[in-house]
Every structure is written in structure tokens, then in C-alpha cells.
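Coordinate analysis (summary)
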Amino acid sequence: MALLEILTAPDPRLYGKAFPVQKVDSAIRKLMDDLLETLYENNAVGFASMQAGIQKRVLAIDLGERNNFFRKPLLMANPELHWVSLETQVTKEGCLSVPNVWLDVIRPLEAHVSYLDENNQRQHLKAKGLLADCIQHEIDHLNGILFIEHLSSLKREMIMRKLMKNKKNKGSL
Ligand SMILES: [Zn+2]
């Protein structure tokens, strides 16, 4: 396993679209392991390949103790949302690609998703609550969407200015 680079906004690579994988072979399994290791190392609950500049539709999620009904890492290739509920939830979200920003995001409370697991088997999952939120956040990454896109444009601009400033400060050290 290896730790992956983490891109932060406004890196243009975060705004592209990831390509489906042909099948989950040993190379994709290794990518899944790397995503998971990077997630654990950074105390995150989800990490998508696009955040490491890899344009493949692959992501890893582990909510650990915070998930009551799925107590193991979820590794997904080519995830597809088939249905989301009209009922919504508000979740305080953060993202490794948008460091030090935690904001309330409104998303559907439930989401049905299908995906290829680490053994190349098609799986269907009916997720609710935090897991549903996390799956939607990570699938957004594969479509080049950051969670701050769900906020008002004014709020988003404020955050982007802050991120640019942080990057500049880092560069000047
Ligand atoms: Zn994220």
C-alpha cells in the first residue's frame, strides 16, 4: 500500500470527470487499498481517486464507529446512484481537498447505489443517513464536484478566497 498525494482546491484536476474502470483487477484493487490507507492516515471517512489526481471511478469509505449498519470499509468502482429520497438531511461536511472547512450541506437522506466491489462483483446498497451523505459526496468527486458547490455562490467565493490565500502563504514559506 502507498499513501497518495492529496490535491486541494482550486487544483483544476479536481474539476474533471473520472472514467469508468473496465473491471476490478489487481491494479484497481491496489488503488482501492491506497485510497483506504490515505483515508485512514488523514482521519477521513471517504476518499475518491480524483482527489489524488487519478481519473478513475473508484472510491473508498469507512465510517468506522459512526456507521451502525455497515461496519467494514466500502470499496467501490463505477458507483451509480439509482435513486435518492425526496426527504433531505443536513450534515456537517468536510473534505481533504478543501482543508479546514466544515459546513452544513443539504442532501437526500437516502440513496440507492450499485457498484463493483473489490472482487469485481456487482453490489447494491440502500444507504441512509451519514453513509448516504458520504456516498453522495464521494460520487460527486468522480464528477468533478466539490461539496462547496452545494453552497450559495457568495459563501463559495468566500471559501475559495480563503483557500487561495492559504496556498499563497504556504508557497512563500
Ligand atoms: Zn471530499
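Our subject is the structure listed above.
Scope of this entry: the structure provided in the associated data block.

What counts as what
- Residues numbered from 1 in each chain as written.
- Predicted model: local features only at pLDDT ≥ 70, side-chain atom pairs only at ≥ 80, totals over all residues.
- Heavy atoms only, no water.
- Helix = DSSP H or I, 4+ residues; strand = E, 2+ residues; numbered from the N terminus.
- Rg over C-alpha atoms; globule rule 2.2 N^0.38 Å.
- Contact = heavy atoms within 4.5 Å.
- Areas by Shrake-Rupley, 256 points an atom, 1.4 Å probe, with all protein chains shown as cover.
- Lys, Arg positive; Asp, Glu negative; His and termini not counted.
- Charge placed at Lys NZ, Arg CZ, Asp CG, Glu CD.
- Pairing = 2+ DSSP bridges.
- Axes fitted to C-alpha atoms, helices over the stretch in contact; angles between N-to-C directions.
- Donors = N, O, S within 2.8 Å, 3.2 Å for Na, K, Ca; no water.
- Buried < 20%, exposed > 50% of the residue type's maximum accessible area, 1.4 Å probe, protein only.

1. Some thoughts on the overall build of the protein chain
If you tally the helices and strands in the protein chain, you get three helices and seven strands. Helices (α) and strands (β) of the protein chain occur, in sequence order from the N terminus, as α-β-β-β-β-β-β-β-α-α. Its C-alpha atoms give the protein chain a radius of gyration of 16 Å, near enough to 16 Å, the size a compact globule of 173 residues would have. Based on the C-alpha atoms only, the size of the protein chain along its principal axes is roughly 45 × 40 × 30 Å. Within the protein chain, contacts between residues separated by at least 24 positions form 66% of all contacts whose residues are at least 6 apart in sequence. Accessible surface, the protein chain as shown: approximately 9,500 Å² in total, 52% of it carbon and sulfur. In the protein chain, 23 positive and 21 negative side-chain charges are present, and the distance between their average locations comes to 5 Å.

2. A few points about the sheet that holds strand β7 (residues 122-128)
Strands sit in the order β1-β2-β3-β6-β7 across an open sheet of five strands; the sheet is antiparallel. Of all the strands in the sheet, the pair left with one neighbour each is β1 (46-48) and β7. Put simply, the sheet's adjacent strands are angled 40° from each other on average, direction ignored. Pairing of strand β3 (residues 74-84) with strand β6 (residues 110-116) involves five bridges; the strand directions are antiparallel. Counted as the bridge partner of A77 is L116 from β6.

3. What to know about the coordination of the zinc ion
Within the protein, C95 (SG), H137 (NE2) and H141 (NE2) serve as the donor atoms for the zinc ion, at 2.1 to 2.2 Å. Between the donor residues of the zinc ion, the gaps in sequence give the motif C-x41-H-x3-H. You can see C95 sitting in strand β4 (residues 88-95) and its partner H137 sitting in helix α2 (residues 129-142), a full 42 residues away along the chain. Of the two residues examined, C95 and H137, each falls in the buried class.

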